[in-house]
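# A look at the structure
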Amino acid sequence: MFKKIVLGLSVLMVAGTAGAKDIDHLRAQYSVLMNGDKTRGVNTLKIDRNHDQYQVRFSLAHWLLDVDQKASFRWKDCTATPESFSYKTKYLGTRHEERLVFDNNTQMVLYQGKEGDALLPTAEGAFDSVSFFFEARCDLMAGKTSFTYPVVRDDEIKDVTFNVVGEEVINTGIGRFNSLIVQRDRGGSKRQTRFWVAPELDYQLVQISHKESSMLSVTVTLDTLDYSLVE
């Protein structure tokens, strides 16, 4: 359960399109609310670019949960080409690790997890849990209000759909920003995952919320932000 929450909380939308420049580097921190109460947990997001290659690292330090997530992919003309993805977490002494290695020559992805290894075909396309959000940002800036991407989750590829469901002003550690509300389509499930992105901040992520049940909800809100665009 916590694994799915954290994967949802580690999302970013920081790519480029015809109307905006790519991100050159980014450093951001997000404060954490759990069940409405502020915690000492901090989400840290780092993005570094080397020509057309991006390295993204997300970490969460909380007394209940430690997470380290990394993604590497190439980016060109609003198209992400995943290369590798790793996920490590420790919850109450229990460790979990996963890794994805994409091979674009063979159009396969190697999944490595606690249940063993699995090879999955990617001829129809496949993303990790980070890279597809770069393309999603391009779709948002193009005016799309609904988009679906094939994402490797556990040891299979699943279609993930998001819809723009409104706008809202969000208070952050660096000010108030009018934001688009993007919600994951979960069918009839009562679970809810929402993302708020601010056009004024080049469509950066300013808030995420995930409600797993009536007993567990998590909200992270932008606290500090430093980034530059590609000249």
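Residues numbered from 1 in each chain as written. Predicted model: local features only at pLDDT ≥ 70, side-chain atom pairs only at ≥ 80, totals over all residues. Heavy atoms only, no water.

Moving on: the overall build of the chain. Looking only at helices and strands, one finds two helices and 14 strands in the chain. Computed over the C-alpha atoms, the radius of gyration of the chain is 17 Å, within 12% of the 17 Å expected from 2.2 N^0.38 for a compact globule of 231 residues. Its C-alpha atoms give the chain principal-axis dimensions of about 45 × 45 × 35 Å. Taken over 231 residues, the chain has a buried fraction of 48%. Within the chain, contacts between residues at least 6 apart in sequence are counted, and of these 44% link residues at least 24 apart. Total accessible area on the chain is roughly 11,500 Å²; 45% of this is exposed by carbon and sulfur atoms. (Helix = DSSP H or I, 4+ residues; strand = E, 2+ residues; numbered from the N terminus. Rg over C-alpha atoms; globule rule 2.2 N^0.38 Å. Buried < 20%, exposed > 50% of the residue type's maximum accessible area, 1.4 Å probe, protein only. Contact = heavy atoms within 4.5 Å. Areas by Shrake-Rupley, 256 points an atom, 1.4 Å probe, with all protein chains shown as cover.)

On to the pairing of strand 6 (residues 94–103), then. In this structure, strand 5 (residues 79–91) lies alongside strand 6, joined through eight bridges in antiparallel fashion. Across the sheet, K90 pairs through a bridge with R95, a residue of strand 6. Turn length for the strand 5-strand 6 hairpin, with the two strands adjacent in sequence and antiparallel, is two residues, and the turn residue L92 shows positive phi of about 50°. Pairing analysis gives five bridges linking strand 6 to strand 7 (residues 108–113), with the strands arranged antiparallel. Looking across to strand 7, one finds that L100 is bridged to Y111. Counted between consecutive antiparallel strands, the loop separating strand 6 from strand 7 contains four residues, among which Q107 sits at a positive phi close to 55°. (Pairing = 2+ DSSP bridges.)

Another point: the pattern of salt bridges. Taken as a whole and judged by the stated rule, the model has eight salt bridges. Between R74 and E83 there is a salt bridge, with the nearest N and O atoms lying 2.9 Å from each other. Take E83: its relative accessible area is 22%, and that puts it in the partly exposed class. Measuring nitrogen to oxygen at the nearest pair gives 3.2 Å for the salt bridge that ties R191 to E212. You can see R191 sitting in the loop between strand 11 (175–184) and strand 12 (192–198) and its partner E212 sitting in strand 13 (residues 204–213), a full 21 residues away along the chain. Relative accessible area serves as the criterion here: at 16%, E212 is assigned to the buried category. Within this structure, D52, R74 and E83 form a network of salt bridges that share partners. (Salt bridge = Lys/Arg side-chain N within 4 Å of Asp/Glu carboxyl O.)

Functional significance is not addressed by these values, which are geometric in nature.
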